[in-house]
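# Analysis of the macromolecular model
Spelled out, the chains give:
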Amino acid sequence: MDIVLNPQLKSKTAIALKKISSKREIVEDKEYDGYLIEGDEKIVRSITEFLKSKKEKKVIAILGRDDEFNRRVIETCKIDYLVSPERGHVRDTLKQRDSGLNHVVAKEAVKKNISIVIDFSSLVKFEKKFQARVLARIMQNIKICRKAKCHIKIATFAVRKEDLRDEFSLRSFCFSLGMSSEQVRDAVQ
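So, how was this worked out
- Residues numbered from 1 in each chain as written.
- Predicted model: local features only at pLDDT ≥ 70, side-chain atom pairs only at ≥ 80, totals over all residues.
- Heavy atoms only, no water.
- Helix = DSSP H or I, 4+ residues; strand = E, 2+ residues; numbered from the N terminus.
- Buried < 20%, exposed > 50% of the residue type's maximum accessible area, 1.4 Å probe, protein only.
- Contact = heavy atoms within 4.5 Å.
- Salt bridge = Lys/Arg side-chain N within 4 Å of Asp/Glu carboxyl O.
- Phe/Tyr/Trp six-rings, centres within 6.5 Å; stacked < 30°, edge-to-face > 60°.
- Lys NZ or Arg CZ within 6 Å of the ring centre and 35° of its normal.

With respect to the secondary-structure elements, Cys174 resides in helix 6 (residues 167–177). We classify Cys174 as buried; its relative accessible area is 0%. Between the C-alpha atoms of Cys174 and Gln131, which are 43 residues apart in sequence, the distance is 16 Å. Residues within four places of Cys174 in sequence aside, it is in contact with Ile154, Met179, Val184 and Ala187.

Even without a glycine there, the phi angle at Ser84 is positive, about 50°. Relative to the elements of secondary structure, Ser84 occurs in the loop between strand 5 (81–83) and helix 3 (103–112).

To continue, consider the pattern of salt bridges. It is possible for side chains bearing opposite charge to pair when their charged atoms get close. Across all of its chains, the model carries 13 salt bridges by this definition. Two residues, Glu38 and Arg87, come together in a salt bridge whose shortest N-O distance is 3.4 Å. Taken together, the residues Glu38 in the loop between strand 3 (34–37) and helix 1 (41–53) and Arg87 in the loop between strand 5 and helix 3 connect sequence positions 49 residues apart. Residue Asp163 pairs with Arg160 through a salt bridge whose shortest N-O separation is 3.1 Å.

In this section: the packing of aromatic side chains. Tallying each qualifying case throughout the model produces 2 aromatic pairs. For the ring pair Phe120 and Phe173, a centre distance of 5.0 Å and an interplane angle of 80° mean the geometry is edge-to-face. Highlighted residues: Phe120 in helix 4 (residues 120–125) and Phe173 in helix 6, separated in sequence by 53 residues. An identical accessibility class is assigned to Phe120 and Phe173; each is buried. Relative to Phe130, the ring of Phe126 has its centre 4.9 Å away and its plane inclined at 85°; by these criteria the two rings are edge-to-face. Take Phe126: its relative accessible area is 29%, and that puts it in the partly exposed class. Its guanidinium or amino end placed over the ring of Phe69, Arg65 lies 5.7 Å from that ring's centre, counting from NZ or CZ.

Here it is, written out as structure tokens:
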């Protein structure tokens with residue numbers, strides 16, 4: 001299953017999410033299957049509470065930030081996906097990368113049935129040195145998710161048709177990051 005940001009690219013294997021950062025941007029639109037929320041904790045809480053109070057079931061995904069934000073969102077908000085938990089991290093320690101995810105957060109995500117999503121399109125936009133750091137953080141998150149048995153997905157978040165990737169290239173990318181064959185099967189489906 002792929003996640004796209006353009007409803008015209010929606011297919012049997014892709015869902016379309018609308019990227020929002022406030023309640024005002026929520027519209028009753030049948031083209032979108034859910035929302036991708038970007039913002040601080042207060043905004044995220046108010047939007048998720050508002051969406052959960054509605055009768056219509058929509059997919060809720062949140063863009064990750066720092067460790068504390070990711071943990072509080074997973075523990076307290078009713079969401080379906082946490083997208084790119086490694087976003088917003090600049091400094092790593094000597095022994096470990098600051099990847100936005102740890103074993104406690106991963107186990108909590110398993111309890112709440114929340115999947116971690118890798119944003120494939122954002123990797124292409126970075127310069128090579130920063131891209132290597134982000135890939136290392138993603139590889140660390142994959143190891144953490146494997147140990148905690150947390151679901152991990154990969155999505156293109158395509159806006160244009162040129163941004164879409166076929167299943168074979170996404171599978172190859174997942175294998176190159178160190179995912180097991182079981183994780184790759186779950187990540188691409």
